[in-house]
Amino acid sequence: MTDSTSTDGYTAEADVLAERYERIRFEDVHAAILHLLPATPCRAIDIGAGTGRDAAALAARGHAVTAVEPTAAMRAHGQRLHPGSGITWIDDGLPDLARVEGTFDLVMLTAVWMHLDAGERARGMARLAALLAPQGLAAMTLRHGPVPPGRRMFEVSGAETVALAAPHGLQAVLQAQRGDMHGREVTWTQLVLRRV
């Protein structure tokens, strides 16, 4: 067992990452799933929200948004970059999300899941299922490729994630692949799960 955590590397690089994340639009990152997102206002939660780019885009679409970010430096950037957006910020993280209450119609996990080891993913999936309202959607992106120095990441596939979700009443409604928008040797699986 190591002392590494899912947030390793993010505090030291927060300033650089904030600029990088905000440079790319929500609509471009999530183009493959936009047609599945709720068209009417709903309760949404962005887990591992980083700088709040996705949370702010969801809030601008009329959703009531909770942004969960465990790294204080990233949370501070998000609050600075998206003031007045109506986002509720929470200092918490997977797999337990102990400070998050209630259920949500939409759960976003952008570039988060690969930071959890197998045991954490099992616990985290149970928690995600509990957070989803009936017919609620969980939209995830899974990273594939070299691990940056100082970060903690694990290779996780779409198939593994779908199999982990099934016993919790979550079914895949979309699975797509895309390249990296930052020009790295990285690919991404976009996955949308629905609670049935």
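Everything numeric in this text was worked out from a predicted model, so none of it was measured. (Residues numbered from 1 in each chain as written. Predicted model: local features only at pLDDT ≥ 70, side-chain atom pairs only at ≥ 80, totals over all residues. Heavy atoms only, no water.)

Enquirer: In this structure, what is going on with the overall build of the protein? I would like to understand it.
Expert: A count of helices and strands for the protein gives six helices and seven strands. The linear arrangement of helices and strands in the protein, starting from the amino end, is α-α-β-α-β-α-β-β-α-β-α-β-β. For the protein, with 196 residues in total, the buried portion stands at 48%. In the protein, the proportion of contacts linking residues at least 24 apart, taken out of those at least 6 apart, comes to 69%. (Helix = DSSP H or I, 4+ residues; strand = E, 2+ residues; numbered from the N terminus. Buried < 20%, exposed > 50% of the residue type's maximum accessible area, 1.4 Å probe, protein only. Contact = heavy atoms within 4.5 Å.)

Enquirer: What exactly am I supposed to notice about the packing of aromatic side chains here?
Expert: Think of a pair of aromatic rings as described by two things: how far the centres are apart, and how the planes are tilted against each other in angle. Enumeration over the complete set of coordinates arrives at zero aromatic pairs. Sitting above the plane of the Phe-104 ring, Arg-43 keeps its charged end 4.3 Å from the centroid. (Phe/Tyr/Trp six-rings, centres within 6.5 Å; stacked < 30°, edge-to-face > 60°. Lys NZ or Arg CZ within 6 Å of the ring centre and 35° of its normal.)

Enquirer: It is not clear to me how the sheet that holds strand S5 (residues 132-144) should be interpreted in this structure. Could you clarify?
Expert: Strand pairing in a sheet relies on backbone hydrogen bonds, with the paired strands running either antiparallel or parallel. The strand order S3-S2-S1-S4-S5-S7-S6 describes an open sheet built from seven strands, whose pairing is mixed. With one partner strand each, in any of the chains shown, strand S3 (88-90) and strand S6 (170-179) form the two edges of the open sheet. Neighbour-to-neighbour, the strand axes of this sheet turn through a mean angle of 15°, independent of strand direction. The strands that helix H3 (residues 53-60) touches are strand S1 (43-47), strand S2 (64-68) and strand S4 (104-110); relative to S4, the one it contacts most, it runs at about 150°. (Pairing = 2+ DSSP bridges. Axes fitted to C-alpha atoms, helices over the stretch in contact; angles between N-to-C directions.)

Enquirer: Would you mind showing me how to read H3 here?
Expert: Think of an α-helix as 3.6 residues a turn; residues three or four steps apart then line up on the same face. Within H3, seven of the eight residues are buried, which leaves it mostly tucked inside the rest of the structure. Residues Arg-53, Asp-54, Ala-55, Ala-56, Ala-57, Leu-58 and Ala-59 constitute the buried set of H3. Looking one or two places after H3, you find Gly-62, whose phi comes out positive at around 100°.

Enquirer: Just checking my understanding: could you explain the nonpolar core for this structure?
Expert: The tendency in soluble globular proteins is for nonpolar side chains to be buried as a group. Within the largest apolar cluster, 28 residues are counted, with the highest numbers of intra-cluster contacts made by Ile-47, Leu-94, Val-107, Leu-109 and Trp-113. Contributing elements (two or more residues each) for this core: S1, S4, helix H5 (118-131), S5 and strand S7 (187-195). When sequence neighbours within four positions are dropped, the list of residues in contact with Ile-47 reads Val-68, Leu-94, Leu-97, Val-107, Met-108, Leu-109, Thr-110, Val-112, Leu-128 and Leu-131. Core analysis: the next-biggest nonpolar cluster, separate from the first, contains 22 residues, Phe-26, Ala-57, Ile-87 and Ala-176 among them. (Core = buried A, V, L, I, M, F, W, Y, C linked by side-chain atoms within 4.5 Å.)

Enquirer: Is there a simple way to explain helix H6 (residues 158-165) in this structure?
Expert: The set of residues buried in H6 consists of Gly-158, Thr-161 and Ala-165. Along the long axis of H6, the arc covered by the buried residues comes to 65°, so they all point the same way. Opposite the packed face of H6, turned more than 90 degrees from it, sit the exposed residues Ala-159 and Ala-163. Summarising the contacts, the buried residues of H6 are in contact with H5, S5, S6 and S7. (Arc of directions from axis to C-beta.)

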